[in-house]
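Here is what each chain is made of, one letter per residue.
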Amino acid sequence: MQLPTFGEVFLTTDDVQGGLENLKLFKGKLISSLCGGCRKLFVIEEGIDNQGIISTLHSPEHDEYDQTFSQDSHNLQSFDFKGSIKTIVTGKKHTVFLSDQGDIYSYGYGEYGALGHGGIIELTIPKKIIRISKVDTIACGEYHTLALSNGDLFAWGRGFEGQLGIRKDVETAASPMFLSYFYKNRIQLIACGAYHSLAVDQQGVLYGWGEARFGQLGTGRKVSEQLPSRIDFLLEQPMNQSELRVGKFLPQETSFQVISVSGGYGHSAAVTSTGELYTWGFNQRGQLGNGDKDKKSSYYPKRLMQDISGIQLPGFSKVMCGYYTTYAIDQKGGLWSWGGGNLGHQNDKLVDLPRKIVLEDRKFTNMYANGQAAAFFASLRTISMKPNHGPSTGGTIISLIGTGFCDTGRQSARFKLGDQYTEVGCEYDSLTDSFRCTTPNFEEHLDKYPVECVVEVTLDGNVYVECEQKFLVYSSKIVISSLYPKCASIQGGTTLIININIDDLTASYMKHLNVGFQPRNKKKEDKSAMKQSTNKPLNPLDLSINDPELDKENWMCVEGFYEKGKISCTIPNVSQLQTDSLNFNVDVSINGQQFTGNPMVFRFYDIQIKELQPDNVMSEGGAAVKIIGDGFFDTTNKRVIFKTLFGERLIEIMWDKQDRFYSFVAPPLSWLLGGQQPTPELLNAVKANGVTALLTLSGIEWIPIGTFYYIDPEVLRLGPFTVDEKLPEEQKKQLVHQEEQEVDHFKDLQGADLQKKKDEVQKQLEAEEQEINYFFKKAGQYLSVYGENLANTESLLVQFIFNGNMAVNQKAIFKNKSKLVVQIPELELPTGIHDVGVEITFNGTSFSHSGKVFKYMAFDKSLNEQQKLKLEDEEIKKLKKTQPKKK
């Protein structure tokens, strides 16, 4: 880590059975370095006044030569005023400090000159090594140390295996000595194994020297290299297909500029600038990660190609060797491990192919491993925010989601717009491990929208981490332009389309839309007060439309979906909502939290259809039909649809505001056939099944209002209907009103019997016709009306027509499909016999046109019964004279 940064420290040790422990102690701390060596691990924090704070991660038994960090010692105070500690590396019995000023200090046991202070054998407190300064990097083997100063490399300590690389005749060095091999070839990276050394020059070329008997130098089968030797990646090809356990991967084009290198006890590893990972050396515990079942050592670098599942490996950015383990960080911050030891995989301590350590959302940036444990650092991340967009007026409560968050008491978020920024405080939510803050008002800094805003998070007010997601500031003046439909049933369930003026950038952010429905108070509303209230945050950060927070101000919210300038949603069921109004405000919450504050009016309805008056007309149509019911109101989209076997036809309807009913003019039956030639078969089919009628107020929902019939009443003939006058009145009434079965007079008859019956029926018809044509009927008597396909309806009437255009309607009695009975009413006619027409209707408005008549005897109201009888006799005599003579 080049700069101190916030994040999380993870540790794998025997104490957690090789698993991975998140060290909560370091949350909210600025971490400068993970370091150590051999059996020690340290975490260095940046403390007050830039004084490094050191924490040990290893067990106390590994401090047998070290009193510096013991609980009863204050010797660390001797390091005060010498600068902040940048890093610490340790050998088997010595420790070396590097300060931020480039000075190095050492203490411990000086076997083989490991302390770098000449002949000093033991130091209990750190002492500055005076022969070298302005040091950038240090590294330790078990008994030797490397230091890099402005590209120049120095070494001291044990060199029996050649690990110093100074000269072939130098086996130990008690003070730092310059490696003349790299004269005029500056070094940028260094690493130490137990008894070997590694370095990378500024061209990315890798060198190794020291012990080589396990192949750890990658230069072939040798015991050692006394001087630096270039490690050539081309000496041996990457693993061939026969060496792969699973899968088939062809070697890709490679580049050998090394960007990360590390050494273990007897193996080494390096990462190139293109992300390729190579290992070589000792492989007894699978630490090379090549899947070799025989665990053979590799004397040349081999590229790793696949993971433990047979999947091709990603590119890598960093590698670290423990004694018998290897760890790597890929280019996306993923952490991998393999070998024998504590690997971060619970209870799995032997893995011979790379295996990823799965930790959700963590991006690792640094690590350090020793002989028994390893520590890893994942930088603080602000991954996302919910919602990630809000209005320019601010007030959006956002949840910042990431890793490494904690409550320091100084955490805040900074919203940056170019050179302008506004900082707001954050609350820490321990349940979700997230921060919560409220966006500021952006209108002081902006005049054009939308704008993507950078958000940065800090835990101390000094070091800021940029969120990986931008926050979009959109205009607070976004408004709904229209709704379709503008009304719906209280049962809901249909789709509402909302047209809204949203730019493409704002639309691309809209993942959590809410559409709100709010009952309008019947009292006059204060729109400005409403706008103010709806601009308040209405729901918490989880954006759940079911959250009780959304019940504020009586809003009922549903999820919305945006596409091409339109928002769609399912209209909610408000039938159980207790409100005194069915008029609602509809508004949109673009970010799932704040409404626009400019709602439109929407009407719910609770329609109860009672009846159609009438529910039938003649084929020619033209009758006025009323729809009677409750809950009616006027809309521009009100229509009736007639559905038949042959299609659907829309009919315009009218609204009677005073009596609150709908009405329409029944169309002709031929119009319903959709332009087809109305054959008798088509007409009869529609008449038999009726027409399904439905009402819509929205143009979308259809409310059944009943079956509508086309019936053409036709009078075939008139006949007498007599009742025995001697019967009691109740019995006579019963005989008049009871229905009669239709009789088929010719059923099962044949030959002479059939002809005989036909003659009888014909004689009966002639007798009835004779009575109708040559005798009269009086008021109060009954008349039989014969027809075809007669219907028993509520509005079944017989019309008596006289004097050309005068008519009296009388309720008819349905006997069967071919016969009606009606009581002749009193007609306002002068004394005498008159021809009276008879027509019928099933709906009370449309009458037949049969032209059938009977003779009606009218009496002046001043006549008494004797006078009436005398008049009747006279009229009968006259009628008899007009009868045709019998042949």
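A quick note: this is a predicted structure, and the numbers were derived from the prediction, not measured. (Residues numbered from 1 in each chain as written. Predicted model: local features only at pLDDT ≥ 70, side-chain atom pairs only at ≥ 80, totals over all residues. Heavy atoms only, no water.)

The next thing to look at is unusual backbone geometry. Look at the link from Y449 to P450: it is a cis peptide, with omega at 0°. Relative to the assigned elements, P450 resides in the loop between β34 (434-438) and β35 (451-458). With omega at -5°, the peptide bond leading from Y484 into P485 counts as cis. In this fold, P485 is placed in the loop between β38 (480-484) and β39 (487-489). Phi is positive for N347, which is not a glycine, with a value near 60°. With relative accessibility at 60%, the residue N347 sits in the exposed group. Although it is not a glycine, D748 adopts a positive phi angle of roughly 65°. (Helix = DSSP H or I, 4+ residues; strand = E, 2+ residues; numbered from the N terminus. Buried < 20%, exposed > 50% of the residue type's maximum accessible area, 1.4 Å probe, protein only.)

Taken as a class, soluble globular proteins show a tendency for nonpolar side chains to be buried jointly. In terms of nonpolar packing, the biggest core is built from 68 residues, with I104 and L153 touching the most fellow members. Once you skip the residues sitting within four places of it in the chain, L153 turns out to touch L146, A147, L148, M177, F178, L179, F182, I187, I190, A199 and W209. Counting 31 residues, the second largest nonpolar core, distinct from the first, contains A623, I627, F632 and I703. (Core = buried A, V, L, I, M, F, W, Y, C linked by side-chain atoms within 4.5 Å. Contact = heavy atoms within 4.5 Å.)

The next subject is the layout of surface pockets. Quantified by volume, the second largest pocket comes out at close to 500 Å³. What lines the second largest pocket is a set of 16 residues, and nearest its centre among them are R717, V743, H745, V761 and Y786. Element by element, the count of residues in the lining of the second largest pocket is highest for helix α6 (residues 751-774), at four residues. Of the residues in the lining of the second largest pocket, the class split is five nonpolar, five polar and six charged. (1 Å grid on protein atoms, 1.4 Å probe; cavity = no way out; pocket = protein on both sides within 12 Å on 5 of 7 lines; lining within 4 Å. Points joined across faces, edges and corners; volume = space filled by probe spheres on them. Nonpolar A, V, L, I, M, F, W, Y, C, P; charged D, E, K, R; others polar.)

So, on to the environment of F854. Within the fold, F854 resides in strand β63 (residues 852-858). Using a relative accessible area of 1% as the deciding quantity, one classes F854 as buried. Once the C-alpha coordinates of F854 and E771 are considered, the two residues, 83 residues apart in sequence, prove to be 9.3 Å apart. Aside from chain neighbours lying at most four places away, what touches F854 is L718, I772, K777, L783, F800, I824, H834, D835, V836 and V838.

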